[in-house]
Amino acid sequence: MFWGGERLKAQLGALISDYDPQRVDRAAYRLRIGSEVYVSPTGEPNDPRNKPKTQLTFSQGFTIPAGQFGFVLTEERVKVPKEAIAFISIRAKYKFRGLVNVSGFHVDPAYEGRLLFSIFNAGPGPVHLSQGEECFLIWYADLDQPSDLPIKNGFDSIPSELTGPIAGGLQSFASLLSKINENDKKVGDRVSVVEREQAVLKWATALVVGAVLTLGLKDCSLSRASTALQTSATSAVPAPPTGTPPAARPLGATTPQGNTSAPPPHAGGKP
Ligand SMILES: O=c1ccn([C@H]2C[C@H](O)[C@@H](COP(=O)(O)OP(=O)(O)OP(=O)(O)O)O2)c(=O)[nH]1
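Residues numbered from 1 in each chain as written. Predicted model: local features only at pLDDT ≥ 70, side-chain atom pairs only at ≥ 80, totals over all residues. Heavy atoms only, no water.

- In the annotation of an unreviewed UniProt entry, the chain is listed under the name Deoxycytidine triphosphate deaminase and assigned to Limobrevibacterium gyesilva.

## Here we look at the overall build of the chain
So, step 1. Across its full length, the chain carries 4 helices and 12 strands.
So, step 2. Taken across its 271 residues, the chain has 31% of its residues classed as buried.
So, step 3. Of all intrachain contacts in the chain linking residues separated by at least 6 positions in sequence, the fraction that spans at least 24 positions is 74%.
So, step 4. As displayed, the chain offers around 17,300 Å² of accessible surface, 62% of which is attributable to carbon and sulfur atoms. (Helix = DSSP H or I, 4+ residues; strand = E, 2+ residues; numbered from the N terminus. Buried < 20%, exposed > 50% of the residue type's maximum accessible area, 1.4 Å probe, protein only. Contact = heavy atoms within 4.5 Å. Areas by Shrake-Rupley, 256 points an atom, 1.4 Å probe, with all protein chains shown as cover.)

## Thoughts on the nonpolar core
So, step 1. Within the largest apolar cluster, 34 residues are counted, with the highest numbers of intra-cluster contacts made by Phe-62, Leu-115, Leu-129, Ile-138 and Tyr-140.
So, step 2. The dominant element in this core, judged by the number of residues it contributes, is strand 2 (residues 28-39), at 5 residues.
So, step 3. Among the nonpolar cores identified, the runner-up in size contains 7 residues, and Phe-69, Leu-73, Leu-116 and Ile-166 belong to it. (Core = buried A, V, L, I, M, F, W, Y, C linked by side-chain atoms within 4.5 Å.)

## Digging into the pairing of strand 6 (residues 84-90)
So, step 1. Counting buried positions over the 7 residues of strand 6 gives 7, a clear majority of the element.
So, step 2. The side-chain alternation of strand 6 yields two buried faces, one formed by Ala-84, Ala-86, Ile-88 and Ile-90 and the other by Ile-85, Phe-87 and Ser-89.
So, step 3. Inspection of the sheet shows strand 6 paired to strand 8 (residues 106-107) by 2 bridges, in the antiparallel sense. Paired with Phe-87 across the bridge in strand 8 is His-106. (Pairing = 2+ DSSP bridges.)

## A look at the domain arrangement of the chain
When the parts of a complex come together, some accessible area is lost, and that lost area is often taken as the interface size.
So, step 1. Segmentation of the chain into domains returns domain 1 (5-170) and domain 2 (171-223).
So, step 2. For domain 1 versus domain 2, the separation of C-alpha centres amounts to 57 Å. (Domains from an automatic or database assignment.)

## A closer look at the pattern of salt bridges
So, step 1. Evaluated as defined, the whole model comprises 14 salt bridges.
So, step 2. Between Asp-156 and Arg-77 there is a salt bridge, and its shortest N-O distance comes to 2.7 Å. Taken together, the positions of Asp-156 in the loop between strand 12 (152-153) and helix 3 (160-163) and Arg-77 in strand 5 (residues 69-79) put the pair 79 residues apart, joining distant regions of the chain.
So, step 3. By relative accessible area, which is 52% here, Asp-156 ends up exposed.
So, step 4. Among the ionic contacts, a cluster of salt bridges with common partners joins Asp-18, Asp-20, Arg-23, Asp-25, Arg-30, Arg-32, Glu-76 and Glu-134. (Salt bridge = Lys/Arg side-chain N within 4 Å of Asp/Glu carboxyl O.)

## Topic: the confidence of the model for the chain
In low-pLDDT regions, the fine details of the predicted coordinates are not to be read closely.
So, step 1. When pLDDT is averaged across the chain, the result is 85; 79% of the residues are at 70 or more.
So, step 2. This stretch, residues 260-271, has a pLDDT under 50; its non-local contacts, to residues over four places away or in other chains, come to 10 contacts.
So, step 3. Reported confidence for the predicted complex is 0.97 by ipTM and 0.70 by pTM. (pLDDT = per-residue confidence, 0-100.)

## Some words on the pairing of strand 9 (residues 111-121)
So, step 1. Here strand 9 lies mainly inside the structure; 8 of its 11 residues are buried.
So, step 2. One ladder, built from 8 bridges, connects strand 5 with strand 9; its direction is antiparallel. Residue pairing for strand 9: Arg-77 is matched across the bridge by Arg-114.
So, step 3. In the sheet, strand 7 (residues 99-101) pairs with strand 9 via 3 bridges, with the strands oriented antiparallel.

## Quick notes on the site of the ligand
So, step 1. Taken together, Ile-88, Ser-103, Gly-104, His-106, Val-107, Asp-108, Tyr-111, Leu-115, Leu-116, Lys-152 and Phe-155 are the residues near the ligand.
So, step 2. Here an oxygen atom of the ligand and a side-chain polar atom of Lys-152 are 2.5 Å apart.
So, step 3. Notes on the ligand: free accessible area 570 Å², of which the protein chains cover 57%.
So, step 4. Where the shell around the ligand is concerned, the elements lending two or more residues are strand 8 and strand 9.
So, step 5. Along the lines of polarity and charge, the residues of the shell around the ligand split into 6 nonpolar, 3 polar and 2 charged. (Near = heavy atom within 4 Å. Polar contact = N/O pair within 3.5 Å; in protein donor to acceptor, adjacent residues only side chain to side chain. Nonpolar A, V, L, I, M, F, W, Y, C, P; charged D, E, K, R; others polar.)

## Considerations on the side chain of Glu-36
So, step 1. Take Glu-36: it is sitting in strand 2.
So, step 2. Judged by its relative accessible area of 8%, Glu-36 falls in the buried class.
So, step 3. Polar contacts involving the side chain of Glu-36 include one to the side chain of Gln-55, which spans 2.6 Å.
So, step 4. Those residues in contact with Glu-36 that sit more than four places away from it in its chain are Lys-53, Thr-54, Gln-55, Phe-71, Val-72, Leu-73, Ser-157 and Ile-158.

## Brief notes about the packing of aromatic side chains
So, step 1. For the structure on display, the rule yields 6 aromatic pairs.
So, step 2. Consider the rings of Phe-2 and Phe-87, whose centres lie 5.7 Å apart with planes at 40°: the pair is tilted. In this pair, Phe-2 is assigned in the segment before helix 1 (5-15) and Phe-87 in strand 6, connecting sequence segments 85 residues apart.
So, step 3. Ring centres 4.8 Å apart and planes at 20° place the aromatic pair Trp-3 and Tyr-140 in the stacked group. Pair noted here: Trp-3 is in the segment before helix 1 and Tyr-140 is in strand 11 (residues 134-142), with a separation of 137 residues, a long-range link. (Phe/Tyr/Trp six-rings, centres within 6.5 Å; stacked < 30°, edge-to-face > 60°.)

This is the structure in structure tokens:
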């Protein structure tokens, strides 16, 4: 038989630490988020969640990103009598945000300690929680007869062997997206550096080519000028005399080749 609200109010003061009748929720009791939590990191080197556990101060908030996993310890220490069993879950309003209670369902008879919830954010966005939030529910039910059981010591903190396997990060869509964005940024930065280097190289090449062309043209015009000077100097020198100069020959005389030398056009004044 499940315990109703009246029985819970009558008995939970002796079973749950820091009991408050305001937290009796019909046939259940609301348990709060305690001061120790662990949220799996996204796997990025600079992820602030890359630390073993977080000790929360009063009302301090924390986030479980979409697709990530976390361990949350209850604020209350809980006792279950030998002749009873308890059942635990996350409140529906948190489930509607996408939180799934991966772990437990029951609390053993004769259990004493805090409860540990392993939760997974199956929703589309991050879920923000804070210390002291009434996030969980516990129900009590009677067993048909008590057994003689030793006390079962429950949790006092989040065991490290539970956080180890997920400390490397879960490859959720959110973490993959964050990795893609980070790589995208790295590639973008690299491309702009290469573009800048290429631009500098282009300018340097253009300068060198320009300088070589200018020097080449200069060389070319200098050598042309010197050739022209040489040519004009050579043509200014008179040719050495070969045989009798034509002027020394008498008019009408026959050249050695048999040609008669004609008189100059105006020789003698009149034709
Ligand atoms: O989500 C849960 C589920 C269980 N418990 C506590 C209550 C339960 O009494 C105890 C052990 O649970 P269970 O018997 O399911 O775990 P086990 O792996 O079989 O542990 P053990 O070998 O100690 O029985 O852990 C939690 O704190 N959170």
